[in-house]
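# Structural overview
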Amino acid sequence: MQVKVPSIPIEDVPTHPDFRALDALNVAIDLRYASSNNFVGHPVYDGLDCRYLRREAAAALQQSATWLAQHRPGYRLLVLDALRPQRVQERLWAELAGTPLSLYLAEPTRGSIHSFGMAVDVTLLDPLGHEVHMGTGFDEMTRASHPEFEAELLAQGLLTAQHLTERGWLRAAMRHGGFHVLPTEWWHFDFGDKAEVRAGMPRVL
């Protein structure tokens, strides 16, 4: 008999012992879905406080930030998205249904790892506080955003060696914390085994 995993309303997350606020970590924060600076062009969080990760992912992100500070002084991680409640995932799915962009979203019944607080979207800030150029912007849903195509895009001149160097620094930092790279988005990193996360952790609603 399958055990039903409980869920957690986003409103309960700030006082929940299994979640940590991003503000307590050594990272910069600019949650793009809280503004219109994202691929749907409008805010989708509707005032919800999404500056959280599960404690496991938060501890891993702090390790990544510490490694980056030690190995590339002056550079910082900038968090672009973290906890994304299920209600937001459902809204995005409904809005993008039938468009090519739906390929970049997890179907809501299966669940985005973001909705468990176990995924994070990040980029780098340089010592002057500027976003590092990665060859594409965040949420730019093109082949140039896919890590899996980087070698051929470099050969074609659509990405530069500097773009790949910067992506390499980002991946090195995130892998040091134990995160996994998504092959279709240079900015997205999961923590933990996806199947185990979906089967055993509460989803945030």
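Owing to the predicted nature of the structure, the values given are computational and were not obtained by experimental measurement.

### Observations concerning the packing of aromatic side chains
Applying the stated criterion across every chain, the model contains six aromatic pairs. Here Tyr33 and Tyr45 contribute two aromatic rings whose centre-to-centre distance is 6.1 Å and whose plane-to-plane angle is 85 degrees, an arrangement assigned as edge-to-face. With a gap of 12 residues between them, Tyr33 in the loop between strand S3 (28–29) and strand S4 (52–54) and Tyr45 in the loop between S3 and S4 connect regions that are remote in the sequence. Comparing Tyr33 with Tyr45, the two get one shared label, buried. With a centroid separation of 5.2 Å and 85 degrees between ring planes, the pair formed by Trp186 and Trp187 is classed as edge-to-face.

### Looking at the sheet that holds strand S5 (residues 76–81)
Across the sheet, five strands lie side by side as S3-S5-S6-S8-S7; this open sheet has mixed pairing. Two strands lie at the open edges of the sheet, namely S3 and strand S7 (179–182), each paired on one side alone. Direction of pairing for S5 relative to strand S6 (residues 119–125): antiparallel, over a ladder of five bridges. Counterpart to Asp81 in the pairing with S6 is Asp121. Helix H1 (residues 55–71) contacts S5, S6, S7 and strand S8 (185–191) of the sheet and is inclined by roughly 145 degrees relative to S5.

### Overview of the pairing of S6
In terms of burial, S6 is largely enclosed, as seven of its seven residues are buried. The pairing of S6 with S8 spans three bridges and is classified as antiparallel. By the bridge assignment, Ala119 is partnered in S8 with Asp190.

### Details of the side chain of Arg167
Relative to the helices and strands, Arg167 is located in helix H4 (residues 161–177). Residues in contact with Arg167, not counting those within four places in the same chain, are Met134, Gly135, Thr136, Ala144, Ser145, His146, Glu150, Leu159 and Trp186.

### Let's talk about the side chain of Gln86
Relative to the elements of secondary structure, Gln86 occurs in helix H2 (residues 86–96). For Gln86, a relative accessible area of 7% gives the class buried. Gln86 has contacts with Pro108, Ser115, Arg203, Val204 and Leu205, leaving out every residue within four places of it along the chain.

### Thoughts on the environment of Val181
Secondary-structure assignment places Val181 in strand S7. Along the sequence, Val181 and Phe191 sit 10 residues apart, while their C-alpha atoms lie 9.3 Å from each other. Residues contacting Val181, with those up to four places away along its chain left out, are Pro147, Arg171, Arg175, His188 and Phe189.

About the thresholds
Residues numbered from 1 in each chain as written. Predicted model: local features only at pLDDT ≥ 70, side-chain atom pairs only at ≥ 80, totals over all residues. Heavy atoms only, no water. Phe/Tyr/Trp six-rings, centres within 6.5 Å; stacked < 30°, edge-to-face > 60°. Helix = DSSP H or I, 4+ residues; strand = E, 2+ residues; numbered from the N terminus. Buried < 20%, exposed > 50% of the residue type's maximum accessible area, 1.4 Å probe, protein only. Pairing = 2+ DSSP bridges. Contact = heavy atoms within 4.5 Å. Axes fitted to C-alpha atoms, helices over the stretch in contact; angles between N-to-C directions.

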